[in-house]
Amino acid sequence: MNILLFEYFTAEKKWHGMEQGLPMLRALANSLSNLGNKVVTVSREKVKGVETVVTKEPFNKAEKILDKFDCVFLIAPEDKIVEMTKVFESESNLIGTGAKVLKKVIRKDRVYRYTKGTNFLSPNLKENSKPPFVKKPIVGCGTSAYLTDKKEGFVQEYVNGADMSISYIVRDREITPVSLNRQLVDLYNKRFIYFGNISPYRDENILEEGKKVIKKERFYGWVGLDIVVSDKVYLLEINPRVTFPYVTISKIFPEIARAFFEDIDIEFNVAGATLLYPKMQIFGKDVAEVEKIVMEELGWR
């Protein structure tokens, strides 16, 4: 197949965002190419290791050449993805969730609705909620959130626990759990900084509860759920696009891209980690060993 990948930050050469966007683009391109597909991206500059259509107007160029490809993958931030999806889904075979669903689920103030009928809880404020609170944009990256003592704007309870995410691939309404991932998030001057992830962890109960969330909408392609695990599990965000754990998962399970197109059994024999600061990759070890190396590298032990 001929496949077009469009990753917003890399295409537009926006440095803030490329630290995650570029690795995701390369990982997706590599895993799809390894299946025998021809993969192309569009960008203002040549992307090393990926066939690139270079242009001053990447999105406009991508729209003009959509009909040359069998399918398209779009990776974009929440404040861009809805409008971009409207264009791509109307003119191509988009391997991704439609704009109508995206518009509903990317709003963090509405995520609580998706906890109904599950064992997940919402961190939304209650009458007896006490500071610190987490202030975050209603639409936007969760790592732009910060701690505050004020109940101003959109704020949620701060839940002290393990930052995790769950990854799924949805195809023809069939939901395939991929992995539970440890999100490496730390606080710096009351702001949340994302360092990378460790994958996979296994907790069948959490994976099954997450499927109940996914079943509530017509998702398609890769879907990530951000959660915090303490004595209970709290659902923070729904991310219906390729997310950063794909970088790690595609290294330890190279066949993962096949799940976008056909049913496969996903089994992990080893774990891995991908860190942004410093840039470090660890693969092929037991998850406990990976975690030990990562925590020592970050100085968290």
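Reading the values: rules and limits
- Every chain is numbered on its own, with residues counted from 1 as its sequence reads.
- Local features are withheld for residues below a pLDDT of 70 in this predicted model, meaning they are given only at 70 or higher, and side-chain atom pairs are given and counted only at 80 or more; totals for whole chains, interfaces and linings count all residues.
- The basis for every side-chain value is the complete set of heavy atoms in the structure, and neither hydrogens nor water enter the calculation.
- Strands here are runs of E lasting at least two residues and helices are runs of H or I lasting at least four, both read from the DSSP assignment and numbered beginning at the N terminus.
- Fitted lines through C-alpha atoms give the axes, limited to the stretch in contact for helices. The angle between two N-to-C directions lies from 0 to 180 degrees.
- Our angle categories are set so that under 35 degrees counts as roughly parallel, over 145 as roughly antiparallel, 65 to 115 as roughly perpendicular, and the remainder as oblique.
- Handedness of a crossing follows from how the near helix is turned relative to the far one, being left-handed for an anticlockwise turn of less than a right angle and right-handed for a clockwise one.
- Throughout, a residue-residue contact means that at least one pair of heavy atoms, one from each residue, lies within 4.5 Å.
- When a carboxyl oxygen of Asp or Glu is within 4 Å of a side-chain nitrogen of Lys or Arg, the pair counts as a salt bridge.
- Relative accessibility thresholds used throughout: buried, under 20% of the residue-type maximum; exposed, over 50%; partly exposed, between the two (1.4 Å probe, protein chains only).
- Lining residues are those with an atom within 4 Å of a point, where the points come from a 1 Å grid over the protein atoms alone and group into cavities, where a 1.4 Å probe fits but cannot get out, or pockets, open sets with protein on both sides within 12 Å along at least five of seven lines.
- Grid points are joined across faces, edges and corners, and a volume is the space filled by probe spheres set on the points.
- Under the grouping applied here, Gly and all other residues not named as nonpolar or charged are polar, the nonpolar ones being Ala, Val, Leu, Ile, Met, Phe, Trp, Tyr, Cys and Pro and the charged ones Asp, Glu, Lys and Arg.

### Section: unusual backbone geometry
Next, step 1: Cis geometry marks the peptide bond from Ser199 to Pro200; its omega dihedral reads -5 degrees.
Next, step 2: Each neighbour pair has its own omega, and for Tyr277 with Pro278 the value is -5 degrees, a cis peptide bond.
Next, step 3: Among the secondary structure elements, Pro278 is positioned in the loop between strand S13 (271–275) and strand S14 (280–285).
Next, step 4: The backbone of Lys13 shows a phi angle near 55 degrees, a positive value even though the residue is not glycine.
Next, step 5: Its location among the elements puts Lys13 in the loop between helix H1 (8–11) and helix H2 (15–33).

### Let's talk about the packing of helix H3 (residues 58–65) against helix H4 (residues 78–91)
Next, step 1: Running from N to C, H3 and H4 point in directions that differ by 15 degrees, and their axes come no closer than 10 Å. Taken together, H3 and H4 sit at an angle that is classed as roughly parallel. Judged by the sense of rotation from one axis to the other, the crossing of H3 with H4 is left-handed. Contacts from Phe59, Ala62 and Glu63 of H3 reach H4 at Met84, Val87, Phe88 and Glu91.

### Observations regarding the pattern of salt bridges
Next, step 1: Evaluated as defined, the whole model comprises 17 salt bridges.
Next, step 2: A salt bridge links Arg44 to Glu12; its shortest N-O distance comes to 3.1 Å. Taken together, the residues span a long stretch of sequence, with Arg44 in the loop between strand S2 (38–43) and strand S3 (51–54) and Glu12 in the loop between H1 and H2 at a distance of 32 residues.
Next, step 3: Take Glu12: its relative accessible area is 17%, and that puts it in the buried class.
Next, step 4: Note that Glu217 and Lys104 form a salt bridge whose closest N and O atoms lie 3.1 Å from each other.

### A closer look at empty space enclosed by the protein
Next, step 1: The full count for this structure, using the stated rule, is 4 cavities of 30 Å³ or more.
Next, step 2: In terms of lining residues, the largest cavity is bounded by 18 residues, among which Leu74, Ile95, Gly96, Pro240 and Arg241 are the most central.
Next, step 3: At the level of secondary structure, the elements contributing two or more residues to the lining of the largest cavity comprise strand S4 (71–75), H4 and strand S11 (221–229).
Next, step 4: The greatest single-element share of the lining of the largest cavity, amounting to 3 residues, is contributed by S4.
Next, step 5: When the residues that make up the lining of the largest cavity are grouped by side-chain class, the tally is 13 nonpolar, 4 polar and 1 charged.
Next, step 6: Roughly 50 Å³ of volume is contained in the second largest cavity.
Next, step 7: What lines the second largest cavity is Ile169, Arg171, Glu174, Thr176, Ala259, Glu262, Asp263 and Ile264.
Next, step 8: If you list the elements that add at least two residues to the lining of the second largest cavity, you get strand S8 (162–171) and strand S9 (174–188).

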